[in-house]
Amino acid sequence: MAAAPTPGRRFWLVKSEPDAFSWDQQVERGVEPWTGVRNHMAKANLAAMRIGDLAFFYHSNIGKQIVGVVEVVREAYPDPTVGPDDPKGAKGSPWLCVDVQAVGPMPKPVTLAAIKADPALAEIALVRQSRLSVMPISAEHWARLCAMGEWPA
DNA sequence: GCCAACGTTGGC
DNA sequence: GCCAACGTTGGC
């Protein structure tokens, strides 16, 4: 069961529309570059990720639930999907991506409805900033969400 | 399909 | 630098 979190390890949540990139695809590929983030706050969060950090994999729009856990295996580097004619990529610093590896599926996916129904989770960014696609999760919230999902580690 | 939230763009 | 218009995201 859950030992104390590794010191220094931080926790995140990343969103993907399963139509575009799903948990099943993440599992098939193992390691996958997390690309396409075009929001400065989300970019700052990518830049803060360290190898060994863990993130919930959340399906937005379809499912609206946490379906798995991934681990950061490569820290932030320039997003190769930014084209030279990308209006957002052309100016200023490049957009970033990280590589993540599937760790395992959430035994019991944690739905947005369940998260919203839990007063202890009322402050998480998933609820408060619904449009942010990469966000930090506190150790306390991580533990609670893991418990809700019956995550074995 | 609608709408709220919110980031971006462009006129001034 | 302000702010209205517009586009996008994502929940409902």
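In this report, the structure presented in the accompanying data block is examined.

About the criteria used
Counting restarts for each chain, with residues numbered from 1 along the sequence as it is written. Key to labels: chains lettered from A, ligands numbered from 1, both in the order written. Residues qualify for local features only when their pLDDT is at least 70, as the model is predicted, and side-chain atom pairs are given and counted only at 80 or more; totals for whole chains, interfaces and linings, by contrast, use all residues. Note that water and hydrogens are dropped before the side-chain values are worked out from all heavy atoms of the structure. Note on pairing: DSSP must find at least two bridges between two strands before they are called paired. Put simply, DSSP marks the helices as runs of H or I at least four residues long and the strands as runs of E at least two long, and each gets a number from the N terminus on. Lines are fitted to the C-alpha atoms to define the axes, a helix being fitted only along its stretch in contact, and any angle between axes, read from their N-to-C directions, falls within 0 to 180 degrees. Any pair of residues with heavy atoms lying within 4.5 Å of one another is described as a contacting pair. For each residue, the accessible area found with a 1.4 Å probe, counting protein chains only, is set against the maximum for its type, and the residue is called buried under 20%, exposed over 50%, and partly exposed in between. Arc, as used here, means the arc of the directions from the helix axis to the C-beta atoms. One heavy atom suffices: a residue is near a molecule or strand as soon as one of its heavy atoms comes within 4 Å of it. Pairs of N or O atoms are called polar contacts if they sit within 3.5 Å, as long as, within protein, a hydrogen donor faces a hydrogen acceptor (for residues adjacent in sequence, only side-chain-to-side-chain pairs). Within this scheme, the nonpolar core is defined by two criteria: the residues are buried Ala, Val, Leu, Ile, Met, Phe, Trp, Tyr or Cys, and they are joined through side-chain atoms within 4.5 Å. The salt bridge criterion pairs a side-chain nitrogen of Lys or Arg with a carboxyl oxygen of Asp or Glu, the two atoms within 4 Å.

## Things to note about the sheet that holds strand β4 (residues 65–78)
Piece 1. Taken in spatial order, the six strands make up an open sheet running β2-β5-β4-β3-β1-β6, and their pairing is mixed. The sheet is open, and its two edges are formed by β2 (31–34) and β6 (134–137), each paired on a single side. In this sheet, neighbouring strand axes are inclined to one another by 40° on average, regardless of whether the strands run parallel or antiparallel.
Piece 2. Of the strands in this sheet, β1 (11–16), β3 (54–59), β4, β5 (96–111) and β6 touch helix α6 (residues 139–149), which is tilted by about 45° from β5.

## Some thoughts on α6
Piece 1. Inspection of α6 places His 141, Trp 142, Leu 145, Cys 146 and Gly 149 among the buried residues, and these make up the whole buried set. Along the long axis of α6, the arc covered by the buried residues comes to 135°, so they all point the same way. Every exposed residue of α6 that faces more than 90 degrees away from the buried side is listed here: Glu 140 and Ala 147.
Piece 2. Phi turns positive, to about 55°, at Glu 150, one or two residues after α6.

## Structural notes on the protein's contact with DNA strand C
Piece 1. Taken together, Lys 15, Glu 17, Tyr 58, Ser 60, Asn 61, Lys 64, Leu 112, Lys 116, Ser 130 and Arg 131 make up the full set of residues near DNA strand C.
Piece 2. Each atom of DNA strand C within 4 Å of the protein was assigned to sugar, phosphate or base; sugar and phosphate come to 75%.
Piece 3. Within the backbone of Asn 61, an N or O atom sits 2.9 Å from a phosphate oxygen of DNA strand C.
Piece 4. The side chain of Arg 131 places a nitrogen or oxygen atom 3.0 Å from a base oxygen of DNA strand C.

## Quick notes on the nonpolar core
Piece 1. Counting residues in hydrophobic clusters, the biggest one holds 40 residues, and the most contacted among them are Trp 34, Phe 56 and Ile 66.
Piece 2. Once residues lying within four places of it in the same chain are set aside, the contact partners of Ile 66 are Leu 13, Phe 56, Phe 57, Tyr 58, Met 106, Pro 109, Val 110, Ile 115 and Leu 145.

## Overview of the environment of Tyr 77
Piece 1. Looking at the element boundaries, Tyr 77 is found in strand β4.
Piece 2. C-alpha separation for the pair Tyr 77 and Asp 118, spaced 41 residues apart in sequence, amounts to 36 Å.
Piece 3. Ignoring sequence-local partners within four residues, the contact set of Tyr 77 consists of Pro 33, Trp 95, Leu 96, Cys 97, Val 98 and Asp 99.
Piece 4. Looking at Tyr 77, its side chain comes within polar contact range of the side chain of Asp 99, at 2.4 Å.

## What to know about the pattern of salt bridges
Piece 1. A full pass over the atoms with the stated rule returns five salt bridges.
Piece 2. Residues Arg 50 and Glu 75 are paired through a salt bridge, measuring 3.9 Å at the closest nitrogen-oxygen approach. With Arg 50 in the loop between α2 (40–48) and β3 and Glu 75 in strand β4, the pair connects residues that are 25 residues apart, well separated along the chain.
Piece 3. Overall, Arg 50 belongs to the partly exposed group, its relative accessible area being 38%.
Piece 4. Judged by relative accessible area, Glu 75 falls into the partly exposed class, the value being 31%.

## Remarks on the side chain of Ser 16
Piece 1. Summarising the element assignment, Ser 16 is placed in strand β1.
Piece 2. Judged by its relative accessible area of 8%, Ser 16 falls in the buried class.
Piece 3. In terms of polar contacts, Ser 16 uses its side chain to reach the backbone carbonyl oxygen of Phe 21, at 2.5 Å.
Piece 4. Every residue in contact with Ser 16, bar those within four places of it in the chain, is listed here: Phe 21, Trp 34, Phe 57, Tyr 58, His 59 and Ser 60.

## Describing the side chain of His 141
Piece 1. Here His 141 lies in helix α6.
Piece 2. Beyond its immediate sequence surroundings of up to four residues, His 141 is in contact with Ala 120, Leu 121 and Ile 124.

## Examining the pairing of β4
Piece 1. Sheet topology places β3 next to β4; six bridges connect them, and they run antiparallel. Paired with Tyr 58 across the two strands is Ile 66, which belongs to β4.
Piece 2. The antiparallel hairpin formed by β3 and β4 contains five residues in its connecting segment, where Asn 61 sits at a positive phi of about 65°.
Piece 3. For β4 and β5, the ladder comprises 10 bridges, and the chain directions are antiparallel.

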